[in-house]
Structures are given as C-alpha cells and as structure tokens.
Amino acid sequence: MRAGCRTGTTTYARCVTPLLLGPHKVDPPVVLAPMAGITNVAFRQLCREQGGGLYVCEMITTRALLERNPKTFKMIAFAGDERPRSLQLYGVDPDVTAAAVRMIVNEDLADHVDLNFGCPVPKVTRKGGGAALPWRRRLFARLVRAAVDAAEGAVPVTVKMRKGIDDDHLTYVEAGLAAQDAGVAAVALHARTAAQRYSGTADWEAIATLKRALDVPVLGNGDIWEAEDALRMVAETGADGVVVGRGCLGRPWLFADLEAAFAGRPTRKLPTLGEVAGVLRRHAELLSETFGSERDACVDIRKHVAWYLKGFPVGAELRRGLAMVSTLAELDDLLGKLDANEPFPLDTLGQPRGRTNAPGKVHLPDGWLASRDTDTVPEGAEMENSGG
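Residues numbered from 1 in each chain as written. Predicted model: local features only at pLDDT ≥ 70, side-chain atom pairs only at ≥ 80, totals over all residues. Heavy atoms only, no water.

**Student:** What is the right way to read the pairing of strand β8 (residues 157-162) from this model?
**Tutor:** Two faces belong to every sheet, and in a regular strand the side chains alternate between them. Counting buried positions along β8 yields six of six residues, so the element is predominantly enclosed. Alternating residues of β8 divide into Val 157, Val 159 and Met 161 and Thr 158, Lys 160 and Arg 162, and every residue in both groups is buried. As judged from the five bridges shared by strand β7 (residues 112-117) and β8, these two strands associate in the parallel manner. The residue bridging Leu 115 from the neighbouring strand is Val 159, located in β8. This β-α-β element, β8 to helix α7 (residues 172-182) to strand β9 (residues 186-190), shows right-handed connectivity. (Buried < 20%, exposed > 50% of the residue type's maximum accessible area, 1.4 Å probe, protein only. Helix = DSSP H or I, 4+ residues; strand = E, 2+ residues; numbered from the N terminus. Pairing = 2+ DSSP bridges. Right-handed = clockwise from strand over helix to strand, strands pointing away.)

Dropping the structure here:
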C-alpha cells in the first residue's frame, strides 16, 4: 500500500503529490477521460465548477484536424478560462500524427496532447488504431516518438492505453517503456483489455505492475465510481493519479468529492433529488451557451437524463417527458414536478454507470497478429471523422 494513503469512510489522508505534466500542475491528480459525445465544453465546465483536475476534450483524429474539418474544430473549442487545454488525438500514421502535433503547437490549439491507444471500438481497431496499435511495437514506438519530437517541448505529450488486445496479447508494460523512452510526460492505463471492452472488473494489479516498471507518472483508470475508489486505487497500486470516465456520468459532483478526498477532507453529503435537478438544469444551460441553440442543448441533455436520475423513484411518464424535452422552459416545468427532498439512492453508490457491455471479439486488420515488428501503416488507417 502506498505510504501516506489510507482508505475507509471516516479516515482521510493526503496521499499523492500534485501531478506534473511539463509546466502544468494538476492538483488534485485527477483526469476526466475523453468520452465521445460527452466531454464537450459544457460538460467540462460543469465538472470544473465542482473541483480541480485535468479535463480532456473528446477524441479527435489527426487527419480531420489537418484537414480543418469544421466538426473537429468545434470539438476542440475550449472555454476562455480553461487551462490547461487538453486534447486527445487518434492517429496511426507517425508522419500524419507529427504534422497534427506541429499544427497544435504552431497554432496554439492546446496545452497538452494525449495519444489514444485505448479505444476498443471496431471502427478504430480494424484499422490498427486505438487499443490494437501497441501490438505493432515498432509502429507504436515510432508514432509516439514522432509526436513527442513534433511537440518540441512546447506541450507535454502523454499516452492512454489498455492492457492489450486480449489476455493472450498483452502489451502494456512493453508499450509503457517504449512511450517513456520516447519522452512522454505520463502514461495512463485503463486496466482492461480491448476484448473486455467495458465489462468485468478492472485489473488494478496491472496498474501496480506498470507503476513498478516506469519512472514517469502512471495514472490508473477503471472502476472509479466513488472518491473512496480513487484513494484505494492509489493506495493499492502506487499510481500517481487517476483517470475518471463513466463514474462521473450524471454525477459531475464526483470531482468535488475527489478534490476533497485527495486533500484529506471529508466528502460532502450526498445531493437530494432537488439538488441533482439543479445540476442537470445547469448542464442544459451550459449546453445552450455552447451550441448557441436551446433546442440542440435539450436534444443533447436527453442522453444524460437517465444517468442523473439513476436509482431515484421517478415515474415512467416523467422520465419519458424529460427524455424528450425540447426547450429549457419545458425542462424547468418537468424538473419542478420532481420531489426535491427525495434522498440520494444509496444502492447506486459504487455501481457501474454508462456502458457495461459484454466481452467481444477485437476486430483487427488482416494479419495484424502475425508480426509484432512490422511498422507499415495499414492502408486507410487514418480516419476522416473525429469522435469515438
């Protein structure tokens, strides 16, 4: 167990130092994972209002950035007070990735670049990208080094990856060492394989193994549903910080709890349904400002409704109405019908949120597993459209 870390519902201890990514101090050492269709400007601001950390925009593709795709440029918009501005890139071709990083530096588009080697979705892995790429170790090392060299020290470069393709094709330690040799500022590990997708339990021992192998900071990702989980992960693995994804869906106040927990303070009391409704309303308001359209904001907030209301005794008709809302006035009317004093459902604490799919086959390019040392870029590997 990491020195200085203690877990338990009534014991709190500052157990990690602030995370340093180049010139940027991340305190508490908490990172919001990029999530497609979720971590836009509005959601990041909502989370930043709760607590400190590093808040990453949705994944974008190198090719779409270089071609100045309008949708991609909207996805890398940042609030005026958002620092550091954190951007996640997907790429497979080292030369294209390097060009994208140079563009980010030259045009001051972001303060930090994270490289995606963790995405398990078929449209990514079948092109050799995301979680599939570290298997081709020479291509992986060449791509990471190209990105770091292109940054020229102006912005820190990090990588986020999974354990490997499946249990028979693990890559995380070797890839972590290669990334470290290339000069990355930190390595984040989602402690599942691509084949697991979002099923089962994250293997925190893999995070501990990676931490023992590397000198650069290691961040742990997987199964952080409560602030207590983050403290326990750091205590058990020695990780230098945590990456939070699905655990904050419908619960952006998790970042307030994480800030308190890492500072050695008790977390605040659980919100009532009325307080949750207030956060949901604030989310919709921020979306409206981001999109410049009240209707677009309401369409976007619909997918968040079930996460916000998870476990609360809200009738089916009211839930349906909230999931079909079209205006902020309509949203206000429906939220006003909720029982504001309803206590937070304790049985949802520590439970998975968002995607909980079953394990599945990882779709790979033909012959991908046959050789680990081929560094040829697969044909058509660079994706035109951003998003996961």
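Next comes the rest of the account.
**Student:** What is the right way to look at the environment of Val 113 in this model?
**Tutor:** With respect to the helices and strands, Val 113 occurs in strand β7. A relative accessible area of 0% means that Val 113 is categorised as buried. Placed 26 residues apart in sequence, Val 113 and Leu 87 show a C-alpha to C-alpha distance of 5.1 Å. Dropping the residues within four chain positions of it, Val 113 is found in contact with Leu 87, Leu 89, Ile 104, Val 155, Pro 156, Val 157 and Thr 158. (Contact = heavy atoms within 4.5 Å.)

**Student:** So what exactly am I meant to see when it comes to the packing of aromatic side chains here?
**Tutor:** Each aromatic ring pair is described using two quantities: the centre-to-centre distance and the angle formed by the ring planes. In total, this model carries four aromatic pairs according to the counting rule given. The interplanar angle of 65° and the centroid separation of 4.7 Å between the aromatic rings of Phe 117 and Phe 140 together place this pair among those described as edge-to-face. Here Phe 117, found in strand β7, pairs with Phe 140, found in helix α6 (residues 137-151); they are 23 residues apart in sequence, far enough to count as distant. For the pair Phe 117 and Phe 140, a shared accessibility class is recorded, and that class is buried. Their ring planes at 90° and their centres at 6.2 Å tell us that Trp 253 and Phe 344 sit as a pair that is edge-to-face. One end of the pair, Trp 253, is in the loop between β11 (241-244) and α10 (254-262); the other, Phe 344, is in the segment after α14 (328-335), and 91 residues separate them in sequence. Here the aromatic cluster, defined as three or more aromatic residues joined through ring pairs, consists of Trp 253, Phe 312 and Phe 344. For Arg 136, the ring lying beneath its charged end belongs to Trp 368, and the centroid distance is 4.2 Å. (Phe/Tyr/Trp six-rings, centres within 6.5 Å; stacked < 30°, edge-to-face > 60°. Lys NZ or Arg CZ within 6 Å of the ring centre and 35° of its normal.)

**Student:** Hey, could you run me through helix α9 (residues 227-237) in this one?
**Tutor:** One turn of the α-helix equals 3.6 residues, which is why residues spaced by three or four share an orientation. Burial of α9 is extensive: eight of the 11 residues sit out of reach of the surface. Its buried side turned inward, α9 meets α8 (204-213), β10 (218-221), β11 and α10. Gly 238 sits one or two positions beyond α9 and adopts a positive phi of about 80°.

**Student:** Would you explain the layout of surface pockets in this entry?
**Tutor:** Gaps between atoms show up when a probe of the same size as a water molecule is rolled over them. By volume, the largest pocket is sized at about 600 Å³. Ala 33, Pro 34, Met 35, Tyr 198 and Arg 355 are, among the 33 residues lining the largest pocket, the residues nearest its centre. Only β8, β11 and α12 (294-309) provide two or more residues apiece to the lining of the largest pocket. Taken together, the residues of the lining of the largest pocket sort by class into 16 nonpolar, 10 polar and seven charged. (1 Å grid on protein atoms, 1.4 Å probe; cavity = no way out; pocket = protein on both sides within 12 Å on 5 of 7 lines; lining within 4 Å. Points joined across faces, edges and corners; volume = space filled by probe spheres on them. Nonpolar A, V, L, I, M, F, W, Y, C, P; charged D, E, K, R; others polar.)

**Student:** Sorry if this is basic, but what is going on with α7 here?
**Tutor:** Listed as buried for α7 are Tyr 172, Ala 175, Gly 176, Ala 179, Gln 180 and Ala 182. Along the long axis of α7, the arc covered by the buried residues comes to 160°, so they all point the same way. On its buried face, α7 sits against α6, β8, β9 and α8. (Arc of directions from axis to C-beta.)

**Student:** Would you mind going over the sheet that holds strand β6 (residues 86-90) with me for this structure?
**Tutor:** Strands in a sheet are paired, the pairing made by backbone hydrogen bonds, and the direction either parallel or antiparallel. Pairing within the open sheet is parallel, and its nine strands lie in the order β4-β3-β11-β10-β9-β8-β7-β6-β5. Only two strands of the sheet have a single partner each, and these edge strands are β4 (54-55) and β5 (60-61). Where helix α4 (residues 94-106) meets the sheet, its contacts fall on β6 and β7, and the angle it forms with β6 comes to roughly 160°. (Axes fitted to C-alpha atoms, helices over the stretch in contact; angles between N-to-C directions.)

**Student:** Looking at this model, I keep getting lost on empty space enclosed by the protein. Mind explaining?
**Tutor:** Applying the stated criterion across every chain yields a total of one cavity of 30 Å³ or more. There is about 130 Å³ of room inside the largest cavity. What lines the largest cavity is a set of 18 residues, and nearest its centre among them are Val 31, Asp 114, Thr 158, Ala 188 and Leu 219. For the lining of the largest cavity, the secondary structure elements donating two or more residues are β3 (30-32), β7, β8 and β9. Residues that form the lining of the largest cavity fall into these classes: 13 nonpolar, three polar and two charged.

**Student:** Help me understand unusual backbone geometry in this model?
**Tutor:** Most peptide bonds take the trans configuration, and most residues that are not glycine carry a negative phi. In this model, Asp 27 is joined to Pro 28 through a cis peptide bond whose omega is 5°. Along the chain, the position of Pro 28 falls in the loop between β2 (24-26) and β3. With an omega of -10°, the peptide bond running from Arg 83 to Pro 84 counts as cis. Positionally, Pro 84 belongs in the loop between α3 (70-75) and β6. Of note, Arg 68 is a non-glycine position whose phi angle comes to about 55°, a positive value. Tracing the backbone shows Arg 68 in the loop between α2 (62-66) and α3. Positive phi values are uncommon outside glycine, yet Asp 108 reaches one of about 50°. In this structure, Asp 108 sits in the loop between α4 and β7. For Asp 108, a relative accessible area of 48% translates into the label partly exposed.

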